[in-house]
Amino acid sequence: MSRYDPAVIEPKWQAAWDRAGAFTAVRDPSRPKYYVLEMFPYPSGRIHMGHVRNYTMGDVVARYKAACGFSVLHPMGWDAFGMPAENAAMERGGHPRDWTYGNIADMKAQMQPLGLSIDWSREFATCDPEYYGQQQALFIDMLAAGLITRKAAVVNWDPVDMTVLANEQVIDGKGWRSGAAVERRELVQWFFKISDYSEELLSALDGLKDWPEKVRLMQANWIGKSRGLQFAFQTVAAPAGFERLEVYTTRPDTLMGASFAAISPDHPLAKALETDPKVAAFVAECRKGGTSAEEIETAEKIGYDTGIRVRHPLDPAWELPVWIANFILMDYGTGAIFGCPGHDQRDFDFARKYGLPIPPVFVAEGSDEAALTEAFVPMKSEKVRYVRGFAGNAVQTGDEGVAAAIAHAEANGYGKGVTKFRLRDWGLSRQRYWGCPIPVVHCATCGVVPEKKENLPVELPYDVSFDKPGNPLDRHPTWAATACPQCGAPAKRETDTMDTFVDSSWYFARFTAPRAATPTVAEDADYWMNVDQYIGGIEHAILHLLYSRFFARAMVKTGHLPQKAVEPFSALFTQGMVTHEIYRSRDAQGRSVYHLPEDVLRFNIKNEAVAFLKVDHQTDLSELSENQLQDLLLEAAGTPVEIVPSAKMSKSKKNVVDPMNIIASFGADTARWFVMSDSPPERDVEWTSSGAEAAFKHLSRVWSLCDRIGQMPADHKGDGDGDADMAKATARAIDEVTKGIESFAFNKAIASLYAFTNTLSRANASTPVMKEAIRTLARLMSPMTPHLAEEIWAAQGGRGLCAQAPWPKADPALLIDDTVTLPIQINGKRRAEISVPKDMPATQVEKLALADEDVVRFLAGQPVKRIIVVPGRIINVVV
RNA sequence: GCCCGCGUGGUGAAAUGGUAGACACUGGGGACUUAAAAUCCCUUGGCCGCAAGGCCGUGCCGGUUCAACUCCGGCCGCGGGCACCA
């Protein structure tokens, strides 16, 4: 009997696929197409288990769809611009370009042994000038189409390094390198006008039927459409030009609960007041810290009473103080609010802190007015009783109250109902080197002028240094010097580069014609778009996917994509992470020390997991049995390590498993089989070494089963029903695996394959039926374990490559059982079961059930109140 | 702080209103073996019981239903995102 040796068979079949050009995508109008895409990776240099899982999922779909007769496009590329390359250059020397291309080569070499059905001829990296040059062409067209603008934006400013920091570079309000307190500072930046599409991006979500509901919800909340009231307060004692203070509120029904007005520290009025040193000091205090919403919203709420007053719109005699407050965002609404502490927790906390009144506007229906200990914020759909209402009924829902308040304001001319969106324009300027240069020129006479398309790409210079902080492009001696594309006078290039989200917002379109001299080619985009199945991490649920949806619209508008591609991803699947338990010990100071799984010996004693460090043993551990090892370790009391529950694999916790080690020990098919089995793909999967071994054992069992069937005498006859049973089991396996793959329930498809393999290995059917069954098994396994499937296919007389064989079809007649087993519940608890013909009428089933001896015993003569028969499902007897 | 998820045996999970624990891992027992490894077979939610069988059980509390892991309300815990990480 031969041994299952993936190291031999895997390279062999990969070479065979290559020779056959099995995965080269060809535009074939006679066949339906299928475009499957996994989110392309950042080239960190090492693939990890998350990549293996992501690409295996895509590969299962790609191979399955190819078997179903589709012309499949399954490309791969590299999201290659970004900060890590610059950080590496700063920390270790070298150049971002060399670092990146080196990593791409390393990662590609690690991906190839997985046997993925990728069309590598379409590969590109976003840092290829060929790619980003086309991105610059897109930018120029978008600029001409009015989709891009320039305005001020707030950035994290490191006052010591004199540079802009990314949010992740701001740690506890301090710059990660300098340690200096970060400030918020305004800078003029380029923006994509994504907010022009707010309504469109929101309403089109309804059409994305094959997207997870949670992603659509997150995007809808992010876009944040709200209906509210905008009105102006008349100010008292405000500087000239600030006679009115515009505010926006989504709860105008709480207007009578106003106890103060508050403006953002970035509000023009706050700026006007900065001539007062006390205001200037307060505003400076507010600007400390980073720009992230998390940081701003969790910071302690502080305020400054400006001394200015505003008149309440419903009672000019009623004056409210105007505060500057750090939690008011200039980007949202008008940058000014009225505070209603009774019904907003932030306003409540603020009012408490500064001793402002907290009047309730409404109370729960049936309650009386009482002093509040926290803000009362019921759902807007809930009915409440207004004790300080001014519009609509005394008892009404919040929604009704809001509508009535807007109507009241409009009728009385002090405000109007407006719709606002939370979505802001997309700032794309980055003051960094390793990104796509923004293709514009600043000319003293012509102003900002786009570069001519024939001068593209505007290429990054290679001779840059990373010895100082700041943007190397900005301090390059010659690069920025150019001629104005309009007047020809000496002019300066834009030295900002683009956000890397731009690169990933259209790569899926570029894959349809990756070498074209234009961003896309109409015939290719027409044939291949849209992406039929997009697969990636839930962490991209909002930004990447929203930006791509915007870009698709922009590309339609500028003629680079057909109208049908406005929603570029027809179906989306978000997969979970790969996790691993963590091994931790403590050093002399009690600090955590983490250990790699490969340095730890882990086993179970009576279902109790224990782990020890593999250290300092003179004996060669590999020669000992597990029992001997247990004895040895327990006796020697090797350093025990604590097993910490699983978390996402990360370098800092050292809970990483290198896919290359797994492939070296067990082969790619085992790694692929394991990541697809057990856990549902949208959930996190726990990597366990025992699980990987079990996967390998199972594949070895399939291998020896194939061997055994191959050696069966040709004239072997099975048991009486052996052939019929095998045919039924085969049909069921085809049906279940097909449904599993179609519904992204790969774990269930694999469970069916386990069951089918068990049936097959215990079956006694005739030789031709057994051979047919194992060929079907090979076909069904091939999306998950393509190399093993080819080997079995070839051994059992399959024609051509398994990878190019059609998907098996189940005979529907074999899927139907003649009799069904019906559980019988008494008062909802299962007490008995009966077997009946599948189409027996309910009345007859009822009689049979009540006559069942277990049922009679349980009922013990009690009268039956009701009996429910769900055909083919269950019977419930109520007494 | 805000938005979105998730929570079922010792473990990964299955069941999406209808028999809770399919399929696996681990553990326990057995066969084979001089012995071990490998392989194969049986068993494996908890409690009570000699057994037949019974009771309990899907993070916690409450509700809807003939019937709830599944739907609704509230809480707890964990994870993802929050616009310059990708």
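Residues numbered from 1 in each chain as written. Chains lettered and ligands numbered in written order. Predicted model: local features only at pLDDT ≥ 70, side-chain atom pairs only at ≥ 80, totals over all residues. Heavy atoms only, no water.

**Q** Explain the overall build of chain A to me, and be specific about the residues and the numbers.
**A** Secondary structure assignment for chain A yields 27 helices and 36 strands. When the backbone C-alpha atoms are referred to their principal axes, chain A occupies close to 105 × 85 × 70 Å. Out of the 879 residues belonging to chain A, those deemed buried represent 52%. Here the contacts in chain A between residues at least 6 apart in sequence split such that 71% fall between residues at least 24 apart. Surface summary for chain A: the accessible area is close to 39,800 Å², and the carbon and sulfur share equals 51%. Across chain A, the 95 positively charged side chains and the 111 negatively charged ones have centroids separated by 2 Å. (Helix = DSSP H or I, 4+ residues; strand = E, 2+ residues; numbered from the N terminus. Buried < 20%, exposed > 50% of the residue type's maximum accessible area, 1.4 Å probe, protein only. Contact = heavy atoms within 4.5 Å. Areas by Shrake-Rupley, 256 points an atom, 1.4 Å probe, with all protein chains shown as cover. Lys, Arg positive; Asp, Glu negative; His and termini not counted. Charge placed at Lys NZ, Arg CZ, Asp CG, Glu CD.)

**Q** Give a description of the environment of Gln 844 that names residues and reports values.
**A** Among the structural elements, Gln 844 can be located in helix H26 (residues 842–851). Residues Gln 844 and Pro 359, 485 residues apart in the sequence, show an inter-C-alpha distance of 68 Å.

**Q** Give a detailed account of the sheet that holds strand E20 (residues 440–443), specifying residues and quantitative values.
**A** Spatially, E21-E20-E23-E22 is the arrangement adopted by the four strands of the open sheet, whose pairing is antiparallel. Pairing within the sheet leaves two strands with one partner each, and these edge strands are strand E21 (447–450) and strand E22 (481–483). Direction aside, the axes of adjacent strands within the sheet are offset by 45 degrees on average. With two bridges connecting them, E20 and strand E23 (residues 490–493) associate as antiparallel partners. By the bridge assignment for E23, His 442 is matched with Lys 492. (Pairing = 2+ DSSP bridges. Axes fitted to C-alpha atoms, helices over the stretch in contact; angles between N-to-C directions.)

**Q** Which residues make up helix H20 (residues 668–676), and what are the values?
**A** The buried count for H20 comes to nine of nine residues, which makes it a mostly enclosed element. For H20, the complete set of buried residues consists of Ala 668, Asp 669, Thr 670, Ala 671, Arg 672, Trp 673, Phe 674, Val 675 and Met 676. Immediately beyond the C-terminal end of H20, within one or two residues, lies Asp 678, with a positive phi of roughly 65 degrees.

**Q** Explain the protein's contact with RNA strand B to me, and be specific about the residues and the numbers.
**A** Lining the immediate surroundings of RNA strand B are 69 residues, of which Asn 167, Arg 432, Lys 748, Asn 758 and Asn 876 lie closest. Each atom of RNA strand B within 4 Å of the protein belongs either to a base or to sugar and phosphate, the latter forming 65%. One of the side-chain nitrogen or oxygen atoms of Gln 189 is found 3.3 Å away from a base nitrogen of RNA strand B. Asp 678 is positioned such that a nitrogen or oxygen atom in its side chain is 2.9 Å from a base nitrogen of RNA strand B. (Near = heavy atom within 4 Å. Polar contact = N/O pair within 3.5 Å; in protein donor to acceptor, adjacent residues only side chain to side chain.)

**Q** I'd like a rundown of the packing of aromatic side chains, residues and numbers included.
**A** The way to describe two aromatic rings as a pair is by their centre distance and the angle between their planes. Counted under the stated rule, the structure contains 43 aromatic pairs. Taken together, a centroid distance of 6.0 Å and an interplanar angle of 55 degrees make the contact between Phe 192 and Phe 550 tilted. You can see Phe 192 sitting in strand E7 (residues 183–192) and its partner Phe 550 sitting in helix H17 (residues 543–557), a full 358 residues away along the chain. Ring geometry for Phe 508 versus Phe 569: centroids 4.8 Å apart, planes at 70 degrees, classification edge-to-face. Residue Phe 508 is located in helix H15 (residues 507–510), and its partner Phe 569 is located in the loop between H17 and strand E26 (572–575); the two are separated by 61 residues in the primary sequence. The same class applies to Phe 508 and to Phe 569, which are both buried. Clustering of aromatic rings is evident, with ring pairs tying together Phe 40, Phe 124, Tyr 131, Trp 506, Tyr 507, Phe 508, Phe 511, Tyr 534 and Phe 569. Geometry around Phe 191 places Lys 151 over its ring, the cationic atom sitting 5.0 Å from the centre. The ring of Trp 176 carries Arg 177 above its face, with NZ or CZ at 4.6 Å from the centroid. (Phe/Tyr/Trp six-rings, centres within 6.5 Å; stacked < 30°, edge-to-face > 60°. Lys NZ or Arg CZ within 6 Å of the ring centre and 35° of its normal.)

**Q** Quick one: what's the story with empty space enclosed by the protein, residue by residue and with numbers?
**A** Summed over the entire model, instances satisfying the criterion amount to one cavity of 30 Å³ or more. What the largest cavity holds in volume is close to 220 Å³. If you trace the largest cavity, you find 19 residues lining it, with Met 90, Thr 163, Gln 169, Arg 432 and Gly 470 closest to the centre. Going through the elements one at a time, helix H3 (83–92) and strand E4 (163–165) are the ones with two or more residues in the lining of the largest cavity. If you tally residues by element for the lining of the largest cavity, the top one is H3, at four residues. Tallied by class, the residues present in the lining of the largest cavity amount to eight nonpolar, six polar and five charged. (1 Å grid on protein atoms, 1.4 Å probe; cavity = no way out; pocket = protein on both sides within 12 Å on 5 of 7 lines; lining within 4 Å. Points joined across faces, edges and corners; volume = space filled by probe spheres on them. Nonpolar A, V, L, I, M, F, W, Y, C, P; charged D, E, K, R; others polar.)

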